[in-house]
Amino acid sequence: MTAPPQIHVAVKPGLGRSLRGNWLWLCLPAGLLIVVVYLLPLGVLLVESFTTPSVGLDNYRAVFENFGYVRTILRTLGISAMATVLSLLLGYPLAHVMVTASPRWQKFLLLCVITPYVTSVLVRSFAWQVILGRQGLLNKLSEALGLGTHDLLFSPFAVAVGLTHYVLPLMILPLTSVMRQVPRNLVPAAESLGAGPATAWVRIYLPQTKPGIEAGVVLCFVYGVGAFVIPAILGGNSGAMLGVTIQGAIAQRADYGFAAAAATLLVICVLLVVAFYKWRFGGSLETLAAPRNTARSGAAIPGRTSSGRLVRLLAVLVRPLDTSGLSRAGWILKAYSLVVGLLLLLPQFIAIPVSLSSSRAMVVPPPGWSLQWYRNLADPSWWAPIVTSLQVAAVVAVLATTLGTLAALGVSRSGLSRLGGLANTLMLMPLLFPTVVAAAAMFVAFLPLYLTDTRTGLILAHTALALPFAFVVVLASARKLDTKLDQAAASLGARARQRLTRVVLPLLRPSIIVALFLTFMNSFDETPVAIFVTGVRVSTLPVQMYDSLTIQSDPTIAAAAVVIMALAGLGIGLAPRLAAAGRRTSRKGGTK
């Protein structure tokens, strides 16, 4: 293969330093939006927790003096921890097969992981509501086995199942990112020295993947404690979590002070976990924002630490696999990964037969077939929210991608400066706090400004939440750009605007297209903030679906879920092609 020609560009000494200073101002619009729309409402929420209805700690006392609320906090932590552990146990072998199997297997398992990752949490919650219902698939299987039927829905069990399905991709993605960097010859080398496959895998391979385990555990737990939609739909009273308590305090009792105190406690919990992750393991916010880019530290677990003892204990536990020869049967791990992959992929597709059912009862298989639920989507009660969601998502995609791209350019060209690092952290802040906390904060802050139940308020809120996704995607590409091209344009007299529009942006076109898709879907699917800040005049499709699940039990939600999945599938299919077309256009532009 012929090596690409080297391009040598002569630039003036010191020109790069002066250009870095010129680029950083591009972070200003996005930074102002994050501060005004996201951070200030969080500050208002914190003040409300100490001042409404009276100044003091009354709201916090109300939380801790009521055993029901304390139990809700403990249930939130317990279910989140359970979902995290289950995700690690289910996801680690699957991630290992994704990295080591044949390309065809890798593509299939990647499809199993990515599909639920980009599917609305409402669609997945709806699927588990059908599966775990009194007439659901699990109870039918239990009846067939002679075990009778059970009340699985509206329980902590249902929340744990739904939450595990929700966070499992967040465990797998950082694990695969780290596993791809582990040398393939380590385990065979240990086996050549006499270790069995399972023992070598535990003592050599497992410690090398420790950074991926740490990032995955933090991601799953943080997203778990902040969950709102899943416990609200699957949990009922016995499975309610802290996010549901916050929403109930605002929507049902208008007790803003209590809601603010509960949200503050949730934030403290998340900050403690993230701070421990940064202090103990040296993790970064960027890793949590982009789990597929988790870097491998390469540090093995020291033999005398607690982790080392854990590895030795696991080595003892897996030794029977070596002595029995089971560890040499590779098909067992592949079969296990196939089952887990199908458990990830198939639940959301249960919406398809339900959407074609002739019955109002949401059961599988349906008693007959009909398109009536698709016709219902044309009803104004569904059509108006669909139109609103499309309009809001289109505006949010343009705004968030524009601001995120400018901020990514500013950060990438600022080098390792302190201001650049500060701007980078600021852009990722909306990913740090649970969305239900941001929703409560925006509601409390928007209410006196008459921004609730308006499209303007919804667009501002969604833009602040979607902006970090565009920032992370474009930043990854901007850091790979050859800065000498920009410096060469500057040395030839090009002004900043000309360098931006004629050199930099054309090279970033593929990542900008991907950012547009991600931000559009982020806004179109977003549920917690939409539930808090919309109302009678403005409603989105996720809000209508949430009402349908919690109040009306209308199968039209299945038809809406199929439409959302089709839209996401269309985007997944088109985004790589559009990005490839963008790369070809960029190369042609560069050649000219």
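Whatever comes next refers back to the structure up there.
Because the structure is a prediction, the values reported are computed rather than measured.

Asker: Any chance you could explain the side chain of T463 here in plain terms?
Answerer: By the element assignment, T463 lies in helix α23 (residues 455–478). What makes T463 buried here is its relative accessible area of 2%. Look past the residues within four positions of T463 in its chain and what remains in contact with it is L33, V396, L399 and A400.

Asker: Whenever I open this one, the pattern of salt bridges confuses me. Can you help?
Answerer: One side chain can pair with another of opposite charge once the charged atoms of both are near each other. All told, the structure shown has four salt bridges when counted by the stated rule. For R61, the salt bridge goes to D58, with nearest N and O atoms at 2.8 Å. In this pair, R61 and D58 are both assigned in helix α3 (residues 58–64), three residues apart and thus about one turn of the helix distant. Residue classification places R61 among the partly exposed positions, given a relative accessible area of 41%. Its salt-bridge partner being E214, residue K210 comes within 3.9 Å of it at the nearest N-O pair. Taken together, the residues span about one helical turn, with K210 and E214 both in helix α11 (residues 210–225) at a distance of four residues. Classification of K210 by relative accessible area gives partly exposed; the value is 21%.

Asker: Which parts of the structure should I look at to understand helix α26 (residues 509–525)?
Answerer: Because an α-helix packs 3.6 residues into every turn, residues spaced three or four apart end up facing the same way. Along its 17 residues, α26 runs 24 Å from first to last C-alpha, staying within 8% of the 24 Å computed at 1.5 Å per residue. Most of α26 is tucked away, with twelve of its 17 residues classed as buried. Taken as a whole, α26 has its buried residues at P510, S511, I512, I513, A515, F517, T519, F520, M521, S523, F524 and D525.

Asker: Is there a simple way to explain the environment of I246 in this structure?
Answerer: Along the chain, the position of I246 falls in helix α13 (residues 242–251). For I246, a relative accessible area of 0% puts it in the buried group. Residues I246 and V437 lie 191 residues apart in sequence; the distance between their C-alpha atoms is 8.2 Å. Residues within four places of I246 in sequence aside, it is in contact with A259, A262, A263, L266 and A440.

Asker: I would appreciate a short explanation of the packing of helix α2 (residues 28–51) against α23 in the present structure.
Answerer: Two numbers describe a pair of packed helices, the interaxial angle and the distance between the axes. Look at α2 against α23: their axes get within 10 Å of each other, and the N-to-C directions meet at 120°. Taken together, α2 and α23 sit at an angle that is classed as oblique. α23 is crossed by α2, and the crossing has left-handed handedness. Contact with α2, carried on its side by A30, L33, I34, V37 and Y38, involves L460, A461, T463, A464, L465 and L467 of α23 and no other residues of that element. When its residues are assigned to classes, the contact of α2 with α23 shows ten nonpolar, one polar and no charged.

Asker: Got a minute to help me understand a nonpolar patch on the surface in this structure?
Answerer: Nonpolar side chains collect at one region of the surface, where L338, L342, L346, F349 and I352 lie side by side and expose about 370 Å² of accessible area between them. As for its placement among the helices and strands, L342 is situated in helix α17 (residues 330–345).

Asker: Where do I start with helix α5 (residues 103–117) in this structure?
Answerer: Taking 1.5 Å per residue as the helical rise, α5 with its 15 residues ought to reach 21 Å, and the 21 Å between its terminal C-alpha atoms agrees with that figure. Within the sequence span of α5, burial applies to L109, C112, V113, T115 and P116. All buried residues of α5 lie within an arc of 165° about the axis, which places them on one face of the element. Pointing more than 90 degrees away from the buried face of α5 are the exposed residues P103, R104 and K107. Residues of α5 that are buried sit in contact with α4 (67–100), α6 (121–132), α8 (156–179) and α17.

Asker: Help me understand the nonpolar core in this model?
Answerer: As a rule of thumb, nonpolar side chains are buried together in soluble globular proteins. Of all hydrophobic cores here, the largest spans 175 residues; its most connected members are F126, F471 and M545. Apart from the residues within four sequence positions on either side, F126 is in contact with A351, V354, M362, L549, I557 and A558.

Asker: What should I look at first to understand unusual backbone geometry in this one?
Answerer: When glycine is set aside, most residues are seen to have a negative phi, and most peptide bonds are trans. The omega angle of the peptide bond from T52 to P53 is 0°, so this bond is cis rather than trans. In this structure, P53 sits in the loop between α2 and α3. One non-glycine residue, F154, lies in the positive phi region at around 55°. The residue F154 is located in the loop between α7 (137–144) and α8 in this model. If you check the backbone angles, A254 has positive phi at about 50° while not being a glycine. When you line up the elements, A254 lands in the loop between α13 and α14 (256–281). Classification of A254 by relative accessible area gives partly exposed; the value is 46%.

Asker: What am I meant to see in a positive patch on the surface here?
Answerer: There is a patch of like positive charges on the surface, built from R203, R309, R312 and R319. With three residues, the top contributor of residues to the positive patch is helix α16 (residues 306–324). Mapped onto the elements, R312 comes out in helix α16.

Asker: Looking at this structure, I do not really get the packing of aromatic side chains. What am I missing?
Answerer: To describe a pair of aromatic rings, one takes the distance between the centres and the angle between the planes. Going through the model one piece at a time under the given rule, you end up with ten aromatic pairs. Among the aromatic residues, those joined into a cluster by ring pairs are Y92, W201 and Y205.

Criteria and cut-off values
Residues numbered from 1 in each chain as written. Predicted model: local features only at pLDDT ≥ 70, side-chain atom pairs only at ≥ 80, totals over all residues. Heavy atoms only, no water. Helix = DSSP H or I, 4+ residues; strand = E, 2+ residues; numbered from the N terminus. Buried < 20%, exposed > 50% of the residue type's maximum accessible area, 1.4 Å probe, protein only. Contact = heavy atoms within 4.5 Å. Salt bridge = Lys/Arg side-chain N within 4 Å of Asp/Glu carboxyl O. Expected span 1.5 Å × (residues − 1). Axes fitted to C-alpha atoms, helices over the stretch in contact; angles between N-to-C directions. Parallel < 35°, antiparallel > 145°, perpendicular 65-115°, else oblique. Left-handed = near helix turned anticlockwise from the far one by under 90°. Nonpolar A, V, L, I, M, F, W, Y, C, P; charged D, E, K, R; others polar. Patch = residues over 30% accessible without salt bridge, like charges linked within 9 Å, V, L, I, M, F, W, Y side chains within 5 Å. Areas by Shrake-Rupley, 256 points an atom, 1.4 Å probe, with all protein chains shown as cover. Arc of directions from axis to C-beta. Core = buried A, V, L, I, M, F, W, Y, C linked by side-chain atoms within 4.5 Å. Lys, Arg positive; Asp, Glu negative; His and termini not counted. Charge placed at Lys NZ, Arg CZ, Asp CG, Glu CD. Phe/Tyr/Trp six-rings, centres within 6.5 Å; stacked < 30°, edge-to-face > 60°.

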